[in-house]
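# Structural features, examined
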Amino acid sequence: MTSSGTNPGGLTGSAAWELLLPAASAPARARGRALQAALREAIRSGRLTSGTRMPSSRDLAADLGVSRGLVTEAYEQLTAEGYLRSGRGAGTWVGDAVRAARPVAHDLAPRPGGGRADFVPGTPDLSLFPRAAWGAAQRAVLADLPHHDLGYPDPRGLPRLRTALAELLARRRGVVADPERIVVVSGVTQATTLLGWALHARGMRAVGVEDPGSPQHGALYAAAGMRTVPLPLDADGLAPGPLVASGVRAVVTTPAHQYPTGIAYSARRRTELLSWARSVDGLLLEDDYDGDFRYDRAPVGALQGLDPERVAYTGSVSKSLAPGLRLGWLLVPGFLTEEVVALKRAMDLGNPSLDQALFARFLERGDYDRQLRRCQRAYRERRDTLVAALSEHFPEARVSGIAAGLHAIAELPGRHGPEAAFVKRMADAGVAVRALGDCAHTPTDGPGVRLVLGYAHLTPTRIRTGVRLMAEALDG
Ligand SMILES: Cc1ncc(COP(=O)(O)O)c(C=O)c1O
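Residues numbered from 1 in each chain as written. Predicted model: local features only at pLDDT ≥ 70, side-chain atom pairs only at ≥ 80, totals over all residues. Heavy atoms only, no water.

The next thing to look at is the packing of aromatic side chains. One pass over the structure, following the stated rule, counts five aromatic pairs. Members of the aromatic cluster, each reached through a chain of ring pairs, are Phe 129, Trp 134 and Phe 362. (Phe/Tyr/Trp six-rings, centres within 6.5 Å; stacked < 30°, edge-to-face > 60°.)

Shown next as structure tokens:
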């Protein structure tokens, strides 16, 4: 490869350039965007690290078999976005800003607070945190906790909490929950990392991820040494054909409310995915993202309940209580349990016991159910407000993904596009929005704008104002 001479630390061999090859073979019309998206993803996921010198546009164009103009344009665009920087002399490097941008992925950024409206998804309403009930539970736990529970905990978690979680997950999510197979973790993020390591240790080197999907998944599995294979969705969920053809044996899914599209996987697709997992002796990695909140459809249980030996299931309190608690759970099939527990032990010896005892009490006394009901009421009202405001100000918008979760998708017609220009225009008007294209590994070529609008953290008044400001920004 001609660029190997310009390929210092931060890259494993030529792997990062190879990642760009699928983009280079995209149809001519979409190739420029595909190349830019692939480069962004390589930088975001950490495959191209800050300070890495990029090959010259001539070399990269030759390696990829594309025109030099396409590469120059990609470099210019990514430099404008802060992913790349150009040196004083010749040369282009991966920018420093990326270090900050990486974990941001889509929704992990601290909220800047400024701006006039912020529809970026991912945060619940933190003012709904049940401070009084939490405080009471904290005092009670401090008074009651036996001394020996302050010693090193079981790395799987306090038995009391695992039992309470098993009851909750069986009742609310249809999970087959054996407390012996539950590992209390610090969130879906840690669960994902543990799974990545465990599968890697078993020799697995690739994992399928939904496309579009959470950049978070790709980045975490990549950090565990796995190649991520973007797999397309159809109206029922992850499409089986490309999954089968991909050759992967593990795939990440968000079946309750797919992030970002908001699709709920159909019953048929769930069955198909499980048949696939059995046929390849593989595993489904179920992130029960948004599984807590559904509004006007019958509850759909977790995939794990259909075959606990083929599904690793994870969830957390990040949406129902607060992400700052760093508390979640992972249920692993029997064959993986010991390995995952050993990794959790090696990582941190288990979650803090006081927090665990507190959450156990919170669950046992029905406080958690009360909290879920309270949030559910608030979020349903906010969702209805968003849908009504969109229909008032953007009557031509197609709104979807609203039956569950904390965000909706609004598709605006072509004249509002392209997405990047739309997002910029909104930002200039003080309205933060996230384009669905940001979560796409493979750029779609539609002319319209698809927005992922988070609404849970906004009061109805702010939602109405925000949508009005969006409309004004377009008129102005
Ligand atoms: C798809 C997805 N699942 C889950 C989470 C929550 O992670 P955690 O439970 O570690 O807070 C995120 C975070 O933004 C996410 O993007």
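Okay, the environment of Phe 293 next. Looking at where Phe 293 falls in the secondary structure, it is placed in the loop between β9 (283-287) and β10 (311-316). On the basis of relative accessible area, Phe 293 is assigned to the buried category, the value being 1%. Contacts of Phe 293, omitting those with residues within four sequence positions, involve Lys 319, Ser 320, Leu 372, Cys 375, Gln 376, Tyr 379, Ala 404, Gly 405 and Leu 406. (Helix = DSSP H or I, 4+ residues; strand = E, 2+ residues; numbered from the N terminus. Buried < 20%, exposed > 50% of the residue type's maximum accessible area, 1.4 Å probe, protein only. Contact = heavy atoms within 4.5 Å.)

Time to look at the domain arrangement of the protein. Splitting the protein by domain gives domain 1 (2-103), domain 2 (107-128 + 370-475) and domain 3 (145-365). A separation of 27 Å is found between the C-alpha centroids of domain 2 and domain 3. Taken together, the contacts link 30 residues of domain 2 with 31 residues of domain 3. With both sides pooled, the region where domain 2 packs onto domain 3 buries about 2,600 Å², and carbon together with sulfur makes up 58% of that total. Seen at the junction of domain 2 and domain 3, the total is one salt bridge. Note that Arg 383 is salt-bridged to Asp 296, the shortest N-O span being 2.9 Å. Inspection of the region where domain 2 meets domain 3 yields 16 residue pairs in polar contact (both at pLDDT 80 or more). Its residues assigned to classes, the side of domain 2 that touches domain 3 comprises 17 nonpolar, eight polar and five charged. (Domains from an automatic or database assignment. Buried area = accessible area lost by both parts, 1.4 Å probe. Salt bridge = Lys/Arg side-chain N within 4 Å of Asp/Glu carboxyl O. Polar contact = N/O pair within 3.5 Å; in protein donor to acceptor, adjacent residues only side chain to side chain. Nonpolar A, V, L, I, M, F, W, Y, C, P; charged D, E, K, R; others polar.)

What follows deals with the pairing of strand β8 (residues 250-253). Covered by surrounding structure in β8 are Ala 250 and Val 252 together with Val 251 and Thr 253, the residues of both alternating faces. Across four bridges, β8 lies against β9 in parallel orientation. Its bridge partner lying in β9, Val 252 is registered against Leu 285. Of the crossover connections in this fold, the one passing from β8 over helix α12 (residues 267-279) to the parallel β9 is right-handed. (Pairing = 2+ DSSP bridges. Right-handed = clockwise from strand over helix to strand, strands pointing away.)

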